[in-house]
Structure formats: C-alpha cells, structure tokens
Amino acid sequence: MRLWIFDVEHGSCACLITAAGEVVLFDCGTNTTTGFTPSQWLRDNGYGRVDQLVISHFDADHVADAHNLGASLHVRSILRNTGRSARQIRGDKDARGGLPAGLDAALSLHESYVLPMGEPLSVAISTYCNTPPAFSDQNNLSLVAILQIAGMRTVFPGDLEAAGWGQLLTNAGFRSDLNGVDFFVASHHGRRSGFTPEIFAGGLPQPHLCLISDKSVYEENPPDYGPYASGMHFGGQLRRVLTTRRDGSILIELSNGQVTVWRGLTP
C-alpha cells in the first residue's frame, strides 16, 4: 500500500494505491509551479481509472484537476457531502466571479453521480460531515474521510473549521473512529481557523505525524500541531509535523505490517 500526500502548493491532493491496485484520490489539487496534476501522474503510471474520488468540499484548490480526471480517466465512484445541491453551490460561487474549470467539472460530477459502479473497495473509508441548516459554508460542510487499511488510520478533514469540528465531535461514532489515528492531515492547510484542541482531547487521536499541505505560512501565528503527535525519526531527528512546503511530496508505505514514511520525493 502506498499513500501519497502530493505537494500541490495551497491545495489538497492525496492518492492511495492499494495492494490490489485500486486508486483512491482524496481531492485533486494541482501544482501550477511544477505542472503536476494527479490525472497526468496516474496516466504516466499506467492507471486509466480512479476507483474512488473523495471530494472534501467544493473549493477550487481542492478540485482543480477534476475536469482533466473526467476527460481522461474513468472515475468509478465519488464520495462527497450531498447536503447542498450543485445548483446552490454554483449560485454561491458565481456570485463571486465565475467558476474555474476544475470546480465546474466537480460540480457536474456532484450533480450527475448517483450510485457507485462495480465492486466495493478493499479498504475501509468512513465519512462524516455536517449538513444544512446547521452550516452553509463550504469549509464547515467538508467531508471528513477516515481511511483504515491494515490497522493504519489516516484522517483527511478538508477545510473543516473549529465550529464544524465541535459539531462532529458530538457524534460518538466519529470520536471512536478518530481514536488511534496514525496520520492526521491538518484541516484548512494548517490554519488557525481549522484547529481546535477539542480534536485531541480526551484521548482522541495521538497520531505519529501531523501533515500540512500548503505552499507557505499563511498566518503569523499558526497553530502548533507538534505537541499532539508522538513523532517519527528522520535521519536521527524527531519530527512530529511534516509540511509539503518544507518536505515536498510525502509517501507513506505500508508493507508486511511495517510503515515507512518518505519525504522530498518527486512523484
């Protein structure tokens, strides 16, 4: 099993390749500096399909490559929050100045997709999300995906903010799934708006690493995720937080029950 956290600047894109050769994409952001797109990467590596596309929410930086995915690969199934319709989201986005191609394509998928096609995946993905009318903004409607494979858990929370975390944490099932998480992808690119200590309270996740996908430090005093992770050693140095801006693309490999994390790789 290989799980990539790609360097997509201020965006989000992770890709799981299972032992069975299945492809799961968690968002589909791109890197405009390097020209990286997940659709091209998949084609270059011999994959003609995406078995599951998990869309955290409908912001352009999280779905920038959706139009290329749809045009060049077979997207077999998608997971997303269905609480707001494509028409409602388009109305919000159009009022701000139109839709980029990726966002337009993602909303078309959201509108047209009905049922999964083919056999279920060999991995377990639990999803949780807030719904209207409690929230109407895209960040707090982020679909939180918890990937579990061979006993290893990774959390992808999109851009969920503190209020949205607070609401989801009232769900005992959600808290249970967070317990024992190994890798925690920081919400909202590591910004303070996506952080609340409640996430880690009462024995909830003590991950090995917290992972941040962003191209630069957005805030003067971003939250410090370090105290909440146990850490892993890299070249003799204990690291509790890895970021794509410092470490580049990150690869998590699981083989024969052993987990290895690689940094600074060219996908």
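Quick caveat, the model's predicted, so the values are computed rather than measured.

Asks: Describe the pairing of strand 16 (residues 249–255), with residues and values.
Replies: In terms of residue burial, strand 16 counts as a mostly covered element, since 5 of its 7 residues are buried. Bridge count for strand 1 (residues 2–5) against strand 16 is 4 bridges, and the pairing is antiparallel. Note on strand 16: the bridge partner recorded for I5 is I250. Judged from the 6 bridges that link them, strand 16 and strand 17 (residues 258–265) form a sheet pairing that is antiparallel.

Asks: Describe helix 3 (residues 86–94), with residues and values.
Replies: Working note: α-helix, 3.6 residues per turn, so residues spaced by three or four point in the same direction. Among the residues of helix 3, those classed as buried are A86, I89, R90 and K93. Down the axis of helix 3, the smallest arc covering the buried residues is 100°, so these residues share one side. Looking at the buried residues of helix 3, the elements they touch are helix 4 (101–112).

Asks: How would you explain the pattern of salt bridges if you had to name every residue and give the values?
Replies: Tallied over the full model, the rule gives 8 salt bridges. Between K93 and D59 there is a salt bridge; the shortest N-O distance is 2.6 Å. Of this pair, K93 sits in helix 3 while D59 sits in the loop between strand 5 (52–54) and helix 2 (66–72), placing them 34 residues apart in sequence. Ionic pairing is found between D247 and R263, a salt bridge with its closest N-O pair at 3.2 Å. Here the residue D247 occupies a position in helix 7 (residues 244–247), and R263 occupies one in strand 17, the gap between them amounting to 16 residues. Under the relative-accessibility criterion, D247 is labelled buried at 5%. The class of R263 is partly exposed, set by a relative accessible area of 34%. The network of salt bridges with shared partners includes R49, D51 and R76.

Asks: Please set out the pairing of strand 9 (residues 144–149) residue by residue, giving values where relevant.
Replies: The buried fraction of strand 9 amounts to 5 of the 6 residues, a majority that puts the element mostly inside the structure. In this sheet, strand 9 lies alongside strand 8 (residues 124–128) in antiparallel orientation, the contact comprising 5 bridges. Looking at the pairing, T127 lines up with A145 of strand 9. Examined bridge by bridge, strand 9 and strand 10 (residues 152–156) share 5 bridges and lie antiparallel to one another. Directly across from A145, in strand 10, lies its bridge partner F156. Following strand 9, the chain reverses through 2 residues before pairing antiparallel with strand 10; A150 in that reversal takes a positive phi of roughly 50°.

Asks: I'd like a description of the sheet that holds strand 9, backed by residues and values.
Replies: Strand order in this open sheet of 6 strands is 8-9-10-11-12-15, and the pairing throughout is mixed. The sheet terminates laterally at strand 8 and strand 15 (241–243), the two strands that pair on one side only. In this sheet, adjacent strand axes meet at a mean angle of 20° when their direction is disregarded.

Here is what the cut-offs are and how they apply
Residues numbered from 1 in each chain as written. Predicted model: local features only at pLDDT ≥ 70, side-chain atom pairs only at ≥ 80, totals over all residues. Heavy atoms only, no water. Buried < 20%, exposed > 50% of the residue type's maximum accessible area, 1.4 Å probe, protein only. Helix = DSSP H or I, 4+ residues; strand = E, 2+ residues; numbered from the N terminus. Pairing = 2+ DSSP bridges. Arc of directions from axis to C-beta. Contact = heavy atoms within 4.5 Å. Salt bridge = Lys/Arg side-chain N within 4 Å of Asp/Glu carboxyl O. Axes fitted to C-alpha atoms, helices over the stretch in contact; angles between N-to-C directions.

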